[in-house]
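# Survey of secondary and tertiary structure
What follows is each chain in one-letter form.
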Amino acid sequence: YKGFKMRVDILFAIMAVQEVTFFAPIVKMLKEEEGLECAFLTFHEAGDDILERNGIPYFSLHKMKASVSRKNFTADDIEGIQKRFGVNIRQLTVHEKLTTNRWDEKYLMSKVATYYTIMDTIFQENSIGCVVQELGGFIAPQLLYHVSRSFGVNHVFIEPAMFPKRVVYTLNRMNADIEDRGKGSTSGSEELKRLVEQYSTKKVVVIPKKDRHFFQDMNLKRLFLPDNFRRLARKLYHKYILGRKEEYNAILWYIIYHVVKFFRRNVLSFYYSNPVEGEKYIYYPFHVSLDVQLTVRCPEFLNQEALVEYIARCIPMGYKLYVKEHPAAIGGHAVSRLRNMLKDKNIRLIHPRHNSFHLIKNSRCVITINSKVGFEAIMQEKPVVVLGKAFYRGKGVTVDVDNISGVADALAHAVRASVNKDKRERFLSSAFAWSYPGELYENSAGNVENFYQSLKSFLTV
């Protein structure tokens, strides 16, 4: 679909087949019940066939590349894009460099120029009402966000909320934050109370269905999950047999990286510690090192090992600093970096088998960049020191650090502080009302209906 004027009330951008199968019925409901014209911008050719069969219009980025290849781009092209968006284009490539191990800057800048040209053409030649996509750090979703805003088109990012089976919609910005616009909750305090009690019982705040296979220890069982081989076979078939193009195509690197994580995990078993009963400590949870929360939202904290070393030099006397790998990224940190970090005897690398729930509960305070653990700590009425951009920052329930030099003072204050229960209750109520029912890529009829109603509610407020 190119070269003619088409009205698109909602343009859904998709990176994988699971997104097509989830959003296709929602698009049909939006058209049948609301009269909204929807289309897809696909970054995954295998999803195009599904859209063809369902009669849903789409713009296939990879099919369009041949006609707008920008291999001969110039520095002026990139400078023009930077001026239009007001961003550093090199920063848009950080996530892709780290997650695909592709460091050829000429290739990456050519990709930016090519994708920009395609998206710019789509917006010029068609009437786009708004754009909806899952939050992502790759070049494609970030670039689409900036192109949308440059045309004055509303843009919505979707991401899992801090409560089970709920999502958050972020309008016209990269960073999610609680806002007064739109109230996702209609069930009030009783449902919130039930979810808080559920957290206390299950001892985990939320693991989205789409990410559950990542939340396992990096052992042989995790490495040889049947689902891993199904995914690999599908990717190899699409890429080398059918010649289909997609964004998640660094297959060899993905395999190598997971094998490396397995061996790192085994080496790290010699460095893991257990919590010491009665020991006073501050807890820092490692974030997923290659997650969009760091690579895009807080890239200044990408070197978490160096950050931990600095925090350890700032903790009050008499305290230890407990750190633990994120359960979805065990083995994701270089052994040499962790080994250097652990030269400071005030740091303990806690074994992955220990639940963050208990580490939070027994800590004096939590220090975090923007992780879910910070929100869990608020639920447990623990003081939280916040370093980065987080939706719970600045809400009266955390100690916020504006400059890294302020960490020592913030920690000294936090270990003596107590949480204001009234502010905590108001914050949790606001956070719940900010979220909406529905879970990404859970295709049951009930969930799809909930998600449809939530998206419709958000878009029509």
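Residues numbered from 1 in each chain as written. Predicted model: local features only at pLDDT ≥ 70, side-chain atom pairs only at ≥ 80, totals over all residues. Heavy atoms only, no water.

### Some points on a nonpolar patch on the surface
A contiguous nonpolar patch, built from Leu 236, Tyr 237, Tyr 240, Ile 241 and Leu 242 and spanning about 530 Å² of accessible area, is present on the exposed surface. Within the element layout of this structure, Tyr 237 appears in helix α11 (residues 226-241). According to the relative accessible area criterion, Tyr 237 is partly exposed, its value standing at 44%. (Patch = residues over 30% accessible without salt bridge, like charges linked within 9 Å, V, L, I, M, F, W, Y side chains within 5 Å. Areas by Shrake-Rupley, 256 points an atom, 1.4 Å probe, with all protein chains shown as cover. Salt bridge = Lys/Arg side-chain N within 4 Å of Asp/Glu carboxyl O. Helix = DSSP H or I, 4+ residues; strand = E, 2+ residues; numbered from the N terminus. Buried < 20%, exposed > 50% of the residue type's maximum accessible area, 1.4 Å probe, protein only.)

### Here we look at helix α17 (residues 372-379)
Among the eight residues that make up α17, seven are buried, leaving the element largely enclosed by the rest of the structure. Buried residues of α17: Val 373, Gly 374, Phe 375, Glu 376, Ala 377, Ile 378 and Met 379, and no others. The distance from a side-chain oxygen at the start of α17 to the backbone nitrogen of Val 373 is 3.2 Å, and the residue carrying that oxygen is Ser 371. Where α17 terminates, the next one or two residues include Glu 381, which has phi positive at roughly 65°. (Polar contact = N/O pair within 3.5 Å; in protein donor to acceptor, adjacent residues only side chain to side chain.)

### So, unusual backbone geometry
Phi at Lys 165 is positive, roughly 55°, even though this residue is not glycine. In this structure, Lys 165 sits in the loop between β5 (154-160) and β6 (166-171). Of note in the backbone geometry, Tyr 441 takes a positive phi value of approximately 65° without being a glycine. Tracing the backbone shows Tyr 441 in the loop between β13 (436-437) and α20 (445-459).

### Considering the sheet that holds β6
As summarised here, the arrangement of the seven strands in space is β3-β2-β1-β4-β5-β6-β13, forming an open sheet in which the pairing is mixed. Only two strands of the sheet have a single neighbouring strand rather than two, namely β3 (58-60) and β13. Pairing geometry for β5 and β6, over five bridges, is antiparallel. Paired with Glu 159 across the bridge in β6 is Val 168. Here helix α2 (residues 46-53) sits on the sheet in contact with β2 (38-42) and β3, set at roughly 155° to β3. (Pairing = 2+ DSSP bridges. Contact = heavy atoms within 4.5 Å. Axes fitted to C-alpha atoms, helices over the stretch in contact; angles between N-to-C directions.)

### Topic: the nonpolar core
Ranked by size, the top nonpolar core spans 39 residues in total, and within it Ile 282, Tyr 284, Ile 311, Leu 321, Val 323, Ile 367 and Leu 411 carry the most contacts. Secondary-structure elements contributing two or more residues to this core are α12 (251-268), β7 (281-285), α14 (304-314), β8 (320-324), α15 (335-341), β9 (347-349), β10 (365-368) and α18 (407-414). Take this core: its biggest share by element is five residues, from α14. Contact partners of Val 323, with chain neighbours within four places excluded, come to Tyr 284, Phe 286, Val 308, Met 341, Ile 347, Arg 348, Leu 349 and Ile 350. (Core = buried A, V, L, I, M, F, W, Y, C linked by side-chain atoms within 4.5 Å.)

### Re the sheet that holds strand β12 (residues 399-400)
Strands sit in the order β9-β8-β7-β10-β11-β12 across an open sheet of six strands; the sheet is parallel. Each edge of the open sheet carries a strand with a single partner, namely β9 and β12. On top of the sheet, α14 reaches β7, β8, β9 and β10; it is set at about 165° to β7, its chief contact.

### Quick look at the pairing of β5
In terms of residue burial, β5 counts as a mostly covered element, since five of its seven residues are buried. Note on the crossover from strand β4 (residues 127-134) through helix α8 (residues 139-150) to β5: the handedness is right-handed. The loop that links β5 with its antiparallel partner β6 comprises five residues; one of these, Lys 165, has a positive phi angle of about 55°. (Right-handed = clockwise from strand over helix to strand, strands pointing away.)

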